[in-house]
Amino acid sequence: MSCQYLLLLMLSVGVSTVEVHRPRGVPLSRQFYEEDKPFTCLDGSRTIPFDRVNDDYCDCQDGSDEPTAACPNGSFHCTNAGFRPAFIPSSRINDGICCCDTTDEYNSGAACQNTCDLGRKEREELVKMAEIAKEGFQLKQQLIHEAKRGLEDKKAKLSEIQSSKKDLEAKVEALRTVKETAEQPEKEAKGRHMQAWEQKAIARKEKDKAKMTEVFLELDDDADGVSVAELLSHSELDPDLDSSFTEAEAQVLMGGEDKVDPASFEAVWNNIKEKYLSESNADIPAPVETAQEETPVSDNDSDQYPEDDIPEEEEEDDEEDEDDDQDESDYKVPPTERTKEKKDDDDEGTMPPYDQETQNLIDAQKARDEFDEAERALREVDDQINLEKEISFDFGPSAEFGYLYSQCYELTTSYIYRLCPFNRVSQKPKYGGSETNLTWGKWSGPQDNIYSVMKYEHGTGCWQGPNRSTTQVKLTCGKETVVTSTSEPSRCEYLMEFITPAVCQEPPNLDSGLHEHEEL
Amino acid sequence: MPRPNDTTVAECIILERQVVVTQNVLRCSPLSGFLCRMVPVLVLWLAVCLTGTWAVDRGNFKTCDQSSFCKRQRALKPGESPYRALLETMELTNTRLTLQLINDNNKVRLLLELYRLQGNITRVKINELKPLKPRYEVPDVLIREPPTEPLSLLSQDENGVVLSLGSESQRVIISARPFRLDIMEGSDVLMSLNSRGLLTFEHLRMRKDTFSYKVTSTVASVWDNIKRTTKEEEEKVEDGMWEEMFKSHSDSKPNGPSAISLDFSLPGVEHVYGIPEHADTLRLKTTENGDPYRLYNLDVFQYELYNPMALYGAVPVMLAHNTQRTTGIFWLNAAETWVDISSNTAGKTVFGKMLDYVQGSSETPQTDVRWISESGIIDVFLMLGPTPKDVFSQYASLTGTQSFPPLASLGYHQCRWNYNDQEDVQSVDAGFDEHDIPYDFIWLDIEHTDGKRYFTWDPHKFATPKEMLQGLKDKKRKLVAIVDPHIKIDSNYKIHNEIRSRGFYVKNKDGGDYEGWCWPGSAGYPDFFRADMRAWWASMFAYDKYEGSMENMYTWNDMNEPSVFNGPEVTMHKDAVHGAWENRDVHNLYGLYVQMATADGLTQRSGGVERPFVLSRAFFAGSQRYGAVWTGDNAAEWDHLKISIPMCLSLGLVGMSFCGADIGGFFKTPSTELLVRWYQTGAYQPFFRAHAHLDTPRREPWLFGPENTALIREAIRQRYALLPYWYQQFYHAHRTGDPIMRPLWVEYPQDPATFAVDDEYLIGRDLLVHPVTEEGARGLTAYLPGKDEVWFDVHTFQKHNGAQNLYIPVTMSSIPVFQRGGSIIPRKVRVRRSSECMEHDPYTLYVALNLQRTAEGELYIDDGHTFNYERKEFIHRRLSFAKNILSSVNLAPDAQFTTRSWIERVVILGASKPSKVTLKTAGECFAFLACDVDSSLVPCYMLAN
């Protein structure tokens, strides 16, 4: 009943609705399709009757009879009146998803609405973008101009510097000899002084250790290590001197332990030695062996998952047995740390000033100052010689990126990102934590636009990630020079968005720009 | 735009029609070359020896020796069974035989039940006659109480009984002393139980050092105890019976030893398959020189290949096959299980076998299997075939078939741990459009949640999920978000509070809520064994409960073994308690229940209209009813690509057809070549998803240069063009239980050359795929089965004869796929952005003629996403080509469905150019067809609109 109807329909597709007689999805500019004449596929592969053009069946291998979904790899032209015309892949015809003028959905039953008006917004956006590009491009011209002039200056300066460098080097060498001669007596005197001091320090330390051993034995009544109770018998050790020396206070002095053996007593000793009053003046016992403090080294693979919030399976397995016991002790401050603090405060540890005789010898200052000054002058010259390196950088086809050299740009989120073009990129947590640095690698945009992406390399590696992390800096055109965003698309690979006028291209005529990709 | 109303179009298109082709001449392409298959086999073996530098930490997982019941059971060697059948206790009703067995050593009695089930299945159940407390019997796996058939007594004497199994010539012989059970057909023994005397049943007993034991022993069962302890030798208490340690984990074993074991002998069998999940060859190996195959759902970090270690899922089903018959053993037990396999021919070389043959000393080959489980009862279904497909339908009659998934889920899935935020999702989505690559699903892993609290969204990264979902929906695409079964213990988390207040958490041995460590930190595990818990869980997927969800959002259940980072073997303690049962009894069932409850939730949220899609990592027998599974956390290595084939084939054999492996490999970073080859392989496997670890670089298809983008695009497009065939396969699997991805031997059961093949496979009956899985391959050798078959290369249409090893030169674009002569395969060649975009597109029929110049195929069409097919809303037609006429018959005359699709083209392979083509349709429809005679591509193109 309706098969014929269907067939008629299929044949009439090309002519029934479109106001101009041309195949659906073909722009007006195309002259290949002439009604009533047999159609030859554009690749010349065959000729078909015109009623088989646009009948939703693919006859031509190149798809030229059917800019619809019937042929693969074709493209379909949406006029998109009021907006910009576009070619869409033929596979998107009648798929229920509309282009703005809805002409692609002529047979899908999709409830399409012409939204090309909405496209105006996009058009306005494009106009704005073009405006920016235009201004940016002007800025770029300026940059190029400056870069050119700067380069000439730099080159001139470089040759000037290179010639003066030699003189300076000679001067530095001469002054170095003078300085070293003057410094010799001073150095010897200082050395003598230092040696004497060190010997004294060793003697003092030994004495202290002997005292410690003595006290340990004195405290340890029952020869099973010093306990809190034993410590309590020395009320002079009460830290707050409130006349009640409590167990808790004693335990603090004991570094949280109930009992310590000779090996761990050193920590306790450091806490009590200032106040401790000996019970008797017994003989100093033979020195005991120096105790070695050991903090348990956890031997696991936790660096596989560097972030703490991700529990790692293997690690859990290996440690699960110890977890319970460790949990409590983990919170305690290991005794060694306190010891260190104490030592640092110890004012006995500072070397006394040089004696007068030594001081008198220190008259090499003048020679030193002269030498330093000469050396500084040479360094400055050397710095300027770095111009050589600067000149050697690839600052773009017209050196337009040169102005970025020796500048840095920052962006702060929960991290502080710092981009110093042609030098490095760094990332540092806002609140504490170590900085990650990557160094300048190369331009790495696509072949036709190599100056659109910078690559920084040699960051630290990541577990199962690449050996070294990298950062891509994507450059887009704008009036300012600013880092706008950073992200980590996959672990250890960072992406930074950077706006600079230096990448602005001459804006094409707006209208013609919207007509790109016209070729089939 | 006028267009005839849809119904009439559909009717016209699909109604009976005949295409008459005249002047056919067979086009033959004789092919040369027999290449020896030994070559690839050797290479593979070498590769096995060289791997192993990077692998699982084996120390985290038990060997048989470290699992006390396995060690105890395995210490028993074959010999005379202590069990004796007490024939005087036999009771035979129409449907059931019961009989007591007694262990002569300890006088403990067992009850044997034997049923004849419909469809050539025999069920054997053995339990303690009077257990101290009930032993676990697995619920919810069988789709119903299996219908029985009459049993009749043939003969009986003091040595045993003979029963007839239904109408066939099958008999069961129960021998009394020692007890053994043989199933015979004619004079052949199909299977023997306890023939090696390995039946054991560790009866439940009182703990001797406890108060309760002392009380009991003085009061209630004095007599029993006298019997047990005075008359018989005192039971030996071995280490690990009442308490067991593994690493630092203690298993309190309040019920003591409870293991069961039974041996099966399979005379005439040299090939056994199944018992997934293992990263091993398709053909199971003998286990005499190592550990048995283990079935215990575990989250194995960086699993190792080619060994019998347990993995994420467990299906206790084994198939046995020889040229005469296929049988199956379904051991319905959810506890930790070990399967030992031995064979009397395994040690022999081909030469040795020949020598036996020449000298006439050959004994019948035989495979012996032994199942050992930690607790529960023996409940075993002997599926007696005789054909592979009979076994599939027998198993399907017990546990159901593959769920019929939404068509879109057969498309390509783009996954990564993790797509970082909504912008990321949007830009990946746009990337597919920009590069003109189709895809249907984008996936969100755990990072999308608010601090690993499932059912929530990260408030910054995924602030407006519905906006994101709508954006995908506008392009007819979908999203999957992960929901794992470990629940963060956090009093500000609604889901946790509800589960806790309802008492829905699994309990620890002391009765408190069980807590383990997983992604969110400290977590509870909902007790999915409770029906009320599952109902509540399902209700959480309602659109108003699961905030930010929409109808194009589906679910992924990961970590449902369950994974417990700080638990023994990275899973739950065996003495954790689910209702009345220990995890020990039920363990392997947990994952099934999670997926079941989730799938129910997705069904219910649409009022039962829409089909769910749920991917699960853990599974058990019956999980096929709830969705898809994948092979877990594999790695970006060539061997992992290769193993994806036997792993999915083994799953298919036990009913789980919707299987795939992470494309590209989850851990590590694939080379570009490996990635491309993996796409090409995955495009021809049922579940087609790319996935990657958080710490690996991005690998969306367009990141490897235009050439590789094109190769990947082409592989994905081939998948989309074939979606009608895939969908039809799923419909078929849903109806019958046949595997979709199937080993060659399933279709060529009499060709021993196919029995161990696992580097190529069939999709349905008609497509043979031999993916390129070797690095730097320049060619490969595919075995084309079938003496009377011809096979057509689907890309070049070149014809090859069956029963040959065909050398195929390959380039990077090659995906060797062959269509069987005699088949008709529907394709949709207008590949679009997503499968839904292709819904109304026309079909192209690829008719490949066999030597008789005939072909047959099917076409199945429905709406692709609802349950309306259950209400007969579909089109199912048989297409046949014979005598130069292509015709179609309605296979479901009572079904009705309207489609706007039509058949636009018929491509006939193996015929020559017709001079004339006509189209006939029933009723009034009639039209002239033009034949595309100019085409140089194929013998004949026909226009059929």
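Residues numbered from 1 in each chain as written. Chains lettered and ligands numbered in written order. Predicted model: local features only at pLDDT ≥ 70, side-chain atom pairs only at ≥ 80, totals over all residues. Heavy atoms only, no water.

Caption draft 1: Main features of the overall build of chain B. Regarding its fold elements, chain B presents 18 helices and 52 strands. Out of the 945 residues in chain B, the part that is buried amounts to 65%. For chain B, contacts bridging at least 24 residues in sequence account for 73% of all contacts bridging at least 6. Accessible area of chain B: about 32,800 Å², with a carbon and sulfur share of 52%. (Helix = DSSP H or I, 4+ residues; strand = E, 2+ residues; numbered from the N terminus. Buried < 20%, exposed > 50% of the residue type's maximum accessible area, 1.4 Å probe, protein only. Contact = heavy atoms within 4.5 Å. Areas by Shrake-Rupley, 256 points an atom, 1.4 Å probe, with all protein chains shown as cover.)

Caption draft 2: Main features of the UniProt feature "coiled-coil region" (unreviewed entry) in chain A. As recorded in UniProt, the feature "coiled-coil region" (unreviewed entry) lies at residues 151-178 and 364-391 of chain A. Helix makes up 100% of residues 151-178 of chain A and strand 0%, whereas the separation of the span's terminal C-alpha atoms amounts to 40 Å. (UniProt positions renumbered as here; feature names shortened; annotations may be inferred.)

Caption draft 3: A look at helix α16 (residues 705-721) of chain B. All names here are of chain B. Its 17 residues give α16 an end-to-end C-alpha distance of 24 Å, which sits within 8% of 24 Å, the value for a rise of 1.5 Å per residue. Every buried residue belonging to α16 is among Asn708, Thr709, Leu711, Ile712, Ala715, Ile716, Arg717, Gln718, Arg719, Tyr720 and Ala721, and all of these are buried. Tucked inside the fold, the buried residues of α16 contact β23 (412-414), α15 (672-682), β35 (688-690), α17 (723-736) and β44 (823-827). (Expected span 1.5 Å × (residues − 1).)

Caption draft 4: Spotlight on the confidence of the model for chain A. The pLDDT averaged across chain A works out to 72; a share of 72% of its residues lies at or above 70. Predicted confidence is poor over residues 281-347 of chain A, with pLDDT under 50, and the contacts of this stretch with residues over four places away or in other chains come to 76 contacts. (pLDDT = per-residue confidence, 0-100.)

Caption draft 5: Main features of the nonpolar core. All names here are of chain B. With 179 residues, the main nonpolar core has Phe330, Phe455, Trp537, Leu589, Phe613 and Tyr679 as its most contacted residues. Residue contributions to this core peak at nine residues, all from helix α14 (residues 638-653). Here this core spans two domains, since at least three of its residues come from each of domain 1 (76-203 + 255-399) and domain 2 (411-484 + 534-562 + 586-740). Ignoring anything within four residues of it in the chain, the contact list for Phe455 reads Val483, Tyr493, Ile495, Trp537, Met540, Phe541 and Tyr546. Leu151, Leu163, Leu190 and Ile329 belong to the second-largest nonpolar core, a separate cluster that totals 50 residues. (Core = buried A, V, L, I, M, F, W, Y, C linked by side-chain atoms within 4.5 Å. Domains from an automatic or database assignment.)

Caption draft 6: Region of interest: unusual backbone geometry. Residue and element names in this part refer to chain B. The omega angle of the peptide bond from Arg177 to Pro178 is -5°, so this bond is cis rather than trans. Among the secondary structure elements, Pro178 is positioned in the loop between β9 (170-175) and β10 (180-185). For the bond running from Gly385 to Pro386, omega is 10°, close enough to zero to count as cis. With respect to the element layout, Pro386 can be found in the loop between β22 (378-383) and α7 (388-399). Positive phi values are uncommon outside glycine, yet Lys247 reaches one of about 50°. Its relative accessible area of 39% is what places Lys247 among the partly exposed residues.

Caption draft 7: Layout of the pattern of salt bridges. Under the defined criterion, the tally for this structure stands at 74 salt bridges over all chains. Two residues, Arg418 of chain A and Glu410 of chain A, come together in a salt bridge whose shortest N-O distance is 2.8 Å. Overall, Arg418 of chain A belongs to the partly exposed group, its relative accessible area being 31%. By relative accessible area, which is 44% here, Glu410 of chain A ends up partly exposed. Across the salt bridge formed by Lys642 of chain B and Glu774 of chain B, the nearest N and O atoms sit 3.8 Å from each other. Of this pair, Lys642 of chain B sits in helix α14 while Glu774 of chain B is found in the loop between β38 (767-769) and β39 (779-784), placing the two residues 132 residues apart along the sequence. According to the relative accessible area criterion, Lys642 of chain B is buried, its value standing at 13%. Each of Asp251, Arg294, Glu336, Glu374, Glu569, Lys574, Glu582 and Arg584 of chain B takes part in one network of salt bridges that share partners. (Salt bridge = Lys/Arg side-chain N within 4 Å of Asp/Glu carboxyl O.)

Caption draft 8: Region of interest: the packing of α16 of chain B against α17 of chain B. All names here are of chain B. Between α16 and α17, whose axes approach to 5 Å, the crossing angle comes to 55°. One way to sum up the angle between α16 and α17 is to call them oblique. Together, Arg719, Tyr720 and Ala721 of α16 and Leu723, Pro724 and Trp726 of α17 make up the contact between the two elements. When grouped by side-chain class, the residues that make up the contact of α16 with α17 number five nonpolar, no polar and one charged. (Axes fitted to C-alpha atoms, helices over the stretch in contact; angles between N-to-C directions. Parallel < 35°, antiparallel > 145°, perpendicular 65-115°, else oblique. Nonpolar A, V, L, I, M, F, W, Y, C, P; charged D, E, K, R; others polar.)

Caption draft 9: Highlighting helix α8 (residues 422-434) of chain B. All names here are of chain B. The end-to-end C-alpha separation of α8 is 18 Å, in line with the 18 Å expected for 13 residues at 1.5 Å each. Taken together, the buried positions of α8 are Gln422, Asp424, Val425, Val428, Asp429, Gly431, Phe432 and Asp433. Taken together, the buried residues of α8 touch β23, β24 (441-444) and α9 (465-474). Looking one or two places after α8, you find Asp436, whose phi comes out positive at around 55°.

Caption draft 10: Representation of the pairing of strand β18 (residues 317-321) of chain B. All names here are of chain B. Most of β18 sits out of view: five of its five residues are buried. Of the two faces of β18, both are covered, the one formed by Val317, Leu319 and His321 as well as the one formed by Met318 and Ala320. Taken together, the four bridges between strand β16 (residues 271-274) and β18 define a ladder with antiparallel strand orientation. The partner of Gly274 across the bridge, within β18, is Met318. (Pairing = 2+ DSSP bridges.)

Caption draft 11: A look at the environment of Glu569 of chain B. All names here are of chain B. Mapped onto the elements, Glu569 comes out in the loop between β29 (553-557) and β30 (577-578). You can call Glu569 buried: its relative accessible area is 4%. C-alpha separation for the pair Glu569 and Phe246, spaced 323 residues apart in sequence, amounts to 8.5 Å. Every residue in contact with Glu569, bar those within four places of it in the chain, is listed here: Asn60, Phe61, Lys62, Phe246, Arg294, Tyr296 and Leu298. Within the local environment of Glu569, its side chain forms a polar contact with the backbone nitrogen of Lys62, the two atoms lying 2.8 Å apart. (Polar contact = N/O pair within 3.5 Å; in protein donor to acceptor, adjacent residues only side chain to side chain.)

Caption draft 12: Examining the state of the cysteines more closely. Residues and elements named next belong to chain A. Considering all chains together, one arrives at eight disulfides over all chains under this definition. Across the disulfide from Cys408 sits Cys420; the S-S distance is 2.0 Å. Handedness of the Cys408-Cys420 disulfide follows from its S-S torsion of about 110°: it is right-handed. Here Cys408 is found in the loop between α10 (387-392) and β7 (409-412), whereas its partner Cys420 is found in strand β8 (residues 415-420), with 12 residues between them in sequence. Residue class for Cys408 comes out partly exposed when judged on its relative accessible area of 35%. Overall, Cys420 belongs to the buried group, its relative accessible area being 5%. (Disulfide = S-S within 2.5 Å.)

Caption draft 13: Quick look at the sheet that holds strand β10 (residues 436-443) of chain A. All names here are of chain A. Reading across the sheet, the eight strands line up as β7-β8-β9-β10-β11-β12-β14-β13 and stay open at both edges, with mixed pairing between neighbours. Strands with a single pairing partner mark the edges of an open sheet, and in this sheet they are β7 and β13 (482-490). Across the sheet, the axes of successive neighbouring strands diverge by a mean angle of 25°, strand direction being ignored.

Caption draft 14: Examining the side chain of Thr899 of chain B more closely. By secondary structure assignment, the location of Thr899 of chain B is in the loop between β48 (885-890) and β49 (903-909). A distance of 2.9 Å separates a polar side-chain atom of Thr899 of chain B from the backbone nitrogen of Ser901 of chain B.

Caption draft 15: A look at the domain arrangement of chain B. Residues and elements named next belong to chain B. Under the domain assignment used here, chain B contains domain 1 (76-203 + 255-399) and domain 2 (411-484 + 534-562 + 586-740). In this structure, domain 1 and domain 2 have C-alpha centres spaced 36 Å apart. Opposite the 44 residues of domain 1 that make contact, domain 2 presents 40 residues. Of the roughly 3,400 Å² buried where domain 1 meets domain 2, counting both sides, 63% is carbon and sulfur surface. Summed over the shared surface of domain 1 and domain 2, the number is two salt bridges. The shortest N-O distance in the salt bridge between Asp299 and Arg617 comes to 3.3 Å. For the pair domain 1 and domain 2, the number of links is 14 residue pairs in polar contact (both at pLDDT 80 or more). Among the secondary structure elements, those contributing two or more residues to the side of domain 1 that touches domain 2 are β16, β18 and α7. No other element matches α7, which puts six residues into the side of domain 1 that touches domain 2. Along the lines of polarity and charge, the residues of the side of domain 1 that touches domain 2 split into 30 nonpolar, nine polar and five charged. (Buried area = accessible area lost by both parts, 1.4 Å probe.)

Caption draft 16: Molecular detail of the packing of aromatic side chains. What the rule picks out here adds up to 65 aromatic pairs over all chains. Look at Phe441 of chain B and Phe613 of chain B: their rings are 5.5 Å apart centre to centre, the planes differ by 45°, and that puts the pair in the tilted class. With Phe441 of chain B in strand β24 and Phe613 of chain B in the loop between α13 (590-605) and β32 (614-616), this pair connects stretches of sequence that are 172 residues apart. Each ring, one from Phe658 of chain B and one from Phe730 of chain B, has its centre 4.8 Å from the other, and the planes form 70°; the classification is edge-to-face. Of this pair, Phe658 of chain B sits in the loop between α14 and β34 (659-660) while Phe730 of chain B is found in helix α17, placing the two residues 72 residues apart along the sequence. For Phe658 of chain B, a relative accessible area of 1% translates into the label buried. Ring pairs connect the aromatic residues Phe393, Phe395, Phe401, Tyr405, Phe422, Trp440, Trp443, Tyr451 and Tyr456 of chain A, which therefore count as one cluster. Taking the ring centre of Trp443 of chain B as reference, the NZ or CZ of Arg689 of chain B above it sits at 4.7 Å. Lying across the ring of Trp630 of chain B, Arg689 of chain B places its NZ or CZ 5.0 Å from the centre. (Phe/Tyr/Trp six-rings, centres within 6.5 Å; stacked < 30°, edge-to-face > 60°. Lys NZ or Arg CZ within 6 Å of the ring centre and 35° of its normal.)

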